[in-house]
Amino acid sequence: MRGIYTAAFLARLTNQFARIRGETALDLGRGFDLITGTSTGAIVGCALAVGRPMPEVVALYREHGPKIFPHRIKGKRSAIYRATQGDRFVRAGDNALRAALEDVLGDVTMFDVYSGRGVSLSIPSVLMSEHRAWVFKKTPRSGVRDDKYPLVDVCMATSAAPIYRSLAAINDPNTPGGPKQVFADGGLWANNPIMVGLIDALTIAAPDRPIEIFSLGTCPRPDGDHLDAETAHRSMLDWSLGADVAPLSISAQEFAFDHMARLLANAISNCGRPIRRVRFPNKPVPASMMPYLALDDTRREAMDRLIAQANTDADLTKSVCDDPNSEDGRMIRSLMNELPAMPATGAVWDRVSPRDRKG
């Protein structure tokens, strides 16, 4: 559910620059050669890739969130209750998410985005039949394996968070009528996909081409547990039957991969290949947001607070853009000033059949 923060942040920031430029809306997706996102980040990223307006994505979370997560896990008792209900809640949520994604993404495929919009995609997931990392990928170097996957199926696969949602059983478009493939959430290994994006950028960009990475999070929790020796002996119930492990994994990955990407980018830059990265917003999340940051919190109050925080952070980011001494501000301002305009209802573009592909 924290994806509503990301969508609202981008909606606010791009709207401000659109008004300054005298445009109705800006096509943020076309500002990038490569977009990568995991789980809820993939939903926002794919919407950008096809040119959907961010307010439409905010509406997706607002309108469909309570159906996607019809029961919130908020402690031991709710976890036990969920365990007694079989697959009732996750099955209902699976159907609701697919319907919501179809409203925004339609039947667009990975190849459609690459050929019609010139945007490459890398979306992490986990292939359950092999228990291995899988990246749904369409780039100039990726081949044709993932060309026919609809973005709806890709988003279902990357966001299939164990315990919170069903695993994603999707059709293999390369084997019509064959068995379905089953995927789990890419956040199990790449919740922060910055390293996936950096590696793909190094693979597809010309050797002398500078790389710029813009990394946007989902209002991460200011986490941490102060434990003594006795409370370290946690059981399954103390972990809410596993539900409390997910936020821990998310926080650890966000921190680790950000710092690995920073060190790797610095090392490569020192070898003569310029790589610049900016993560925004980069200030601590206010403690007052803590009650509203659960992955499955669909309360209207929680969504309102996430959107309000996104608006505040977007305004602060715009202030950074106005600071002539801020390198991060210059990067973001340059990106926003170079974006093509688009109608308020979304980008208009032609889909090219794989049969018409040249080369």
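Under an unreviewed UniProt entry, the protein has the name Patatin-like phospholipase and belongs to Paracoccus solventivorans.

Enquirer: Go over the side chain of Thr-6, please, and point to the residues and values.
Expert: One can find Thr-6 in helix H1 (residues 3-21). Judged by relative accessible area, which is 7%, Thr-6 ranks as buried. In this structure Thr-6 touches Val-44, Leu-216, Gly-217 and Thr-218, once residues within four positions along its chain are discounted.

Enquirer: Before we move on, could you go through the pattern of salt bridges and cite the residues and values that matter?
Expert: Counted according to the given criterion, the structure contains 16 salt bridges. Across the pair Asp-153 and Arg-98 runs a salt bridge, and its minimum N-O distance is 2.8 Å. Here the residue Asp-153 occupies a position in helix H7 (residues 151-158), and Arg-98 occupies one in helix H5 (residues 88-105), the gap between them amounting to 55 residues. Arg-98 sits in the partly exposed class, given a relative accessible area of 25%. What emerges from the salt-bridge pattern is a single network uniting Glu-212, Arg-276 and Glu-327.

Enquirer: Report on the packing of helix H11 (residues 300-321) against helix H12 (residues 327-338), specifying residues and quantitative values.
Expert: Viewed as axis vectors pointing N to C, H11 and H12 meet at an angle of 100 degrees, and their least axial separation amounts to 7 Å. Comparing the axis directions of H11 and H12 gives the class roughly perpendicular. For the pair H11 and H12, the contacting residues are Thr-317, Val-320 and Cys-321 in the first and Gly-329, Ile-332 and Arg-333 in the second. Looking at side-chain class alone, the contact of H11 with H12 contains three nonpolar, two polar and one charged residues.

Enquirer: An account of the environment of Arg-299 is requested, with residue identities and associated values reported.
Expert: By secondary structure assignment, the location of Arg-299 is in the loop between strand E8 (275-279) and H11. Separated by 237 residues in the primary sequence, Arg-299 and Arg-62 place their C-alpha atoms 9.4 Å from one another.

Enquirer: Now, about unusual backbone geometry: what can you tell me, with residues and values included?
Expert: Positive phi, close to 55 degrees, is recorded for Ser-39, a residue that is not glycine. Note that Ser-39 resides in the loop between strand E2 (34-36) and helix H2 (40-50). The exposure class of Ser-39 is buried, given its relative accessible area of 14%. Its identity as a non-glycine residue notwithstanding, His-131 has a phi of 55 degrees, on the positive side. Turning to its location among the elements, His-131 is positioned in the loop between strand E3 (120-127) and strand E4 (132-138). Judged by relative accessible area, His-131 falls into the exposed class, the value being 64%.

Enquirer: Summarise the pairing of strand E6 (residues 181-185); cite the residues concerned and give the values.
Expert: Of all the five residues making up E6, four are buried; the element is thus mostly covered by neighbouring parts of the structure. As judged from the three bridges shared by E3 and E6, these two strands associate in the antiparallel manner. Among the inter-strand pairings, Leu-127 is bridged to a residue of E6, identified as Phe-183.

Enquirer: Go over H11, please, and point to the residues and values.
Expert: The end-to-end C-alpha separation of H11 is 31 Å, in line with the 32 Å expected for 22 residues at 1.5 Å each. Burial in H11 covers these residues: Ala-302, Met-303, Leu-306, Ile-307, Gln-309, Ala-310, Asp-313, Ala-314, Thr-317, Lys-318 and Cys-321.

Enquirer: I'd love a proper account of the packing of aromatic side chains, names of residues and values included.
Expert: Any pair of aromatic rings gets described here by the distance separating the centres and the angle formed by the planes. Applying the stated rule across the entire model yields seven aromatic pairs. A ring pair is formed by Trp-134 and Phe-183, whose centres lie 5.4 Å apart and whose planes are at 70 degrees; its orientation type is edge-to-face. Residue Trp-134 is located in strand E4, and its partner Phe-183 is located in strand E6; the two are separated by 49 residues in the primary sequence. Like Trp-134, the residue Phe-183 is buried in the burial classification. Directly above the aromatic system of Tyr-114 lies the positively charged group of Lys-138, at a separation of 5.3 Å from the ring centroid. Across the ring face of Trp-134, the terminal group of Arg-145 is positioned such that the distance to the ring centre comes to 3.9 Å.

Definitions and cut-offs
- As a convention, each chain's residues are numbered from 1 in the sequence order in which they are written.
- It should be noted that, the model being predicted, local features are given only for residues of pLDDT at least 70 and side-chain atom pairs only at 80 or more, the latter also being counted only at that level, while totals for whole chains, interfaces and linings use all residues.
- The side-chain quantities take in all heavy atoms of the structure and omit both hydrogens and water.
- Helix and strand labels come from DSSP, where a helix needs a run of H or I of at least four residues and a strand needs a run of E of at least two; each type is numbered from the N terminus.
- Note on exposure labels: buried denotes an accessible area under 20% of the residue type's maximum, exposed denotes more than 50%, and partly exposed covers the range between, all computed with a 1.4 Å probe on protein chains only.
- Working rule for contacts: check all heavy atoms of both residues, and any pair within 4.5 Å makes them a contact.
- By convention in these notes, a salt bridge is any Lys or Arg side-chain nitrogen within 4 Å of a carboxyl oxygen on Asp or Glu.
- Axis definition: a line fitted to C-alpha atoms, limited for helices to the stretch in contact. Angles are taken between N-to-C directions and run from 0 to 180 degrees.
- Roughly parallel here means an angle under 35 degrees, roughly antiparallel means over 145, roughly perpendicular means 65 to 115, and every remaining angle is called oblique.
- Residues are grouped as follows: Ala, Val, Leu, Ile, Met, Phe, Trp, Tyr, Cys and Pro are nonpolar; Asp, Glu, Lys and Arg are charged; all remaining types, including Gly, are polar.
- In this description, strands pair whenever DSSP reports at least two bridges between them.
- Helix span, expected: 1.5 Å multiplied by one less than the number of residues in the helix.
- Aromatic pairs are defined between Phe, Tyr and Trp rings, using the six-membered ring for Trp, whenever the two ring centres lie within 6.5 Å; interplanar angles under 30 degrees are classed as stacked, those over 60 as edge-to-face, and all others as tilted.
- We count a charge as sitting over a ring when the NZ of a lysine or the CZ of an arginine lies within 6 Å of the ring centre and within 35 degrees of the ring normal.

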